[in-house]
Amino acid sequence: MAQNELKNQIRRLRFANDEMTQQQLADKAGVTRQTIIAIEAGKYAPSLPLAFRIARAFRVPLEAVFQYEEEPS
Amino acid sequence: MNRTQKAALYGLYLVAFMLLIPLVDLVDTKINPILLRVIGYPLVILLVLPIWFLTKKKKTEVDMDERDKAIIKKACIIAVGIVTGGLLTVYTFFIFMSSSDNKITTSTLQGVVFFAFTAFLLVFSSAILIQYGWRDKDGAK
């Protein structure tokens, strides 16, 4: 059975965007800082609207922030 | 710590107070009413005071989002499941243990309702705190 994993580039993108803090990103995306922490650590998969809001905060397409990988186990 | 976590902690705080009620009843049934007021009024203030901290809201920050709602929903499902299971067990126990007339006293029923509410609050609050705990363990960078 294949394992699905949602990877993200949030940490890298934050530093590429003038070292944006987690709080600044949270304010732009309209969520709490804890949610950004959880998403960044891969512990929480955001909803599609939230994923788009995060991508919009970095002014990049969704695929540049989130990558869906299917790993065979 | 966000608002949901604070509310969950307040839930546990309430449970501790609710467990004090039967404990006081067990220890001494003849407490001086004046002494009860002297102890009781500050306890009520202690009970109400955290609500002020919970309702205090920073205007700039988002205090609840989709993840918080998902955590609350999951905690609610867990609490309802456990309390329903517990109540079914208790009622089954009463059916088998009760006398042939199948009656239970109103005080027993009150006790069951009190137990159910306390258990719900305990499981619900704990489930919220546990979910935040294991998800946020090493996330803060």
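Residues numbered from 1 in each chain as written. Chains lettered and ligands numbered in written order. Predicted model: local features only at pLDDT ≥ 70, side-chain atom pairs only at ≥ 80, totals over all residues. Heavy atoms only, no water.

1. Let's talk about the environment of Gln22(A)
Residue and element names in this part refer to chain A.
Next up, step 1: Structurally, the position occupied by Gln22 is in helix α2 (residues 22-29).
Next up, step 2: In this structure the C-alpha to C-alpha distance between Gln22 and Leu48, which are 26 residues apart in sequence, comes to 19 Å.
Next up, step 3: Engagement of the side chain of Gln22 in a polar contact is seen with the side chain of Arg33, the distance being 3.1 Å. (Helix = DSSP H or I, 4+ residues; strand = E, 2+ residues; numbered from the N terminus. Polar contact = N/O pair within 3.5 Å; in protein donor to acceptor, adjacent residues only side chain to side chain.)

2. A few points about unusual backbone geometry
Residues and elements named next belong to chain A.
Next up, step 1: If you check the backbone angles, Asp18 has positive phi at about 55 degrees while not being a glycine.
Next up, step 2: Mapped onto the fold, Asp18 is located in the loop between α1 (10-16) and α2.
Next up, step 3: Even without being a glycine, Glu19 presents a positive backbone phi close to 50 degrees.
Next up, step 4: The topology assignment puts Glu19 in the loop between α1 and α2.

3. Considering helix α3 (residues 66-97) of chain B
Next up, step 1: Over its 32 residues, α3(B) runs 46 Å from end to end, which matches the ideal 46 Å to within 8%, given 1.5 Å per residue.
Next up, step 2: Within the span of α3(B), buried status applies to Arg67(B), Asp68(B), Ile71(B), Ala75(B), Ala79(B) and Val83(B). (Expected span 1.5 Å × (residues − 1). Buried < 20%, exposed > 50% of the residue type's maximum accessible area, 1.4 Å probe, protein only.)

4. Describing the nonpolar core
Residue and element names in this part refer to chain A.
Next up, step 1: Ile10, Leu25, Ile39, Ile54, Phe58, Val65 and Phe66 are the most contacted members of the largest nonpolar core, which totals 20 residues.
Next up, step 2: At the level of elements, α1, α2, α3 (33-40), α4 (48-58) and α5 (62-65) are the ones that each hand at least two residues to this core.
Next up, step 3: Every residue in contact with Ile54, bar those within four places of it in the chain, is listed here: Ile10, Leu25, Ala29, Ile36, Ile39, Val65 and Phe66. (Core = buried A, V, L, I, M, F, W, Y, C linked by side-chain atoms within 4.5 Å. Contact = heavy atoms within 4.5 Å.)

5. Details of the packing of α2(A) against α3(A)
Two measures define how a pair of helices packs: the angle their axes make with one another and the distance between the axes.
Residue and element names in this part refer to chain A.
Next up, step 1: Here α2 crosses α3 at 105 degrees, and the two axes come no closer than 8 Å. Here α2 is positioned roughly perpendicular relative to α3, judged by the angle of their axes. Between α2 and α3, the residues in contact are Gln22, Gln23, Leu25 and Ala26 and Arg33, Ile36, Ile37 and Glu40, respectively. (Axes fitted to C-alpha atoms, helices over the stretch in contact; angles between N-to-C directions. Parallel < 35°, antiparallel > 145°, perpendicular 65-115°, else oblique.)

6. Considerations on the side chain of Thr32(A)
Next up, step 1: Looking at where Thr32(A) falls in the secondary structure, it is placed in the loop between α2 and α3.
Next up, step 2: Leave out the neighbours within four places in its chain, and Thr32(A) touches Ala26(A), Val62(B), Asp63(B), Met64(B), Asp65(B) and Asp68(B).

7. Thoughts on the confidence of the model for chain B
Residues and elements named next belong to chain B.
Next up, step 1: On average, residues of chain B score 79 in pLDDT, and 78% of them reach the 70 mark or higher.
Next up, step 2: Least confident of the elements in chain B is helix α2 (residues 33-55), whose mean pLDDT is 72; most confident is α3, at 89.
Next up, step 3: A low-confidence stretch, residues 137-141 (pLDDT under 50), is modelled with nine contacts involving residues beyond four sequence positions or located in other chains.
Next up, step 4: Both scores are available for the predicted complex, with the pTM at 0.75 and the ipTM at 0.79. (pLDDT = per-residue confidence, 0-100.)

8. Looking at the pattern of salt bridges
Residue and element names in this part refer to chain A.
Next up, step 1: Under the defined criterion, the tally for this structure stands at three salt bridges over all chains.
Next up, step 2: Of the charged contacts, one joins Lys7 and Glu69 as a salt bridge, the two residues approaching to 3.3 Å between their closest N and O atoms. Here Glu69 lies in strand β2 (residues 66-72) and Lys7 lies in strand β1 (residues 2-8), a separation of 62 residues in the sequence.
Next up, step 3: Residue Lys7 is classed as partly exposed on the basis of its relative accessible area, which comes to 32%.
Next up, step 4: On the accessibility criterion, Glu69 (32% relative accessible area) is partly exposed.
Next up, step 5: With a closest N to O distance of 3.8 Å, Glu40 and Arg11 form a salt bridge. Linking Glu40 in helix α3 with Arg11 in helix α1, this pair joins segments that are 29 residues apart in sequence.
Next up, step 6: In this structure Glu40 comes out as buried when scored by relative accessible area, which is 12%.
Next up, step 7: Salt bridges sharing common partners tie together Arg11, Arg14 and Glu40. (Salt bridge = Lys/Arg side-chain N within 4 Å of Asp/Glu carboxyl O.)

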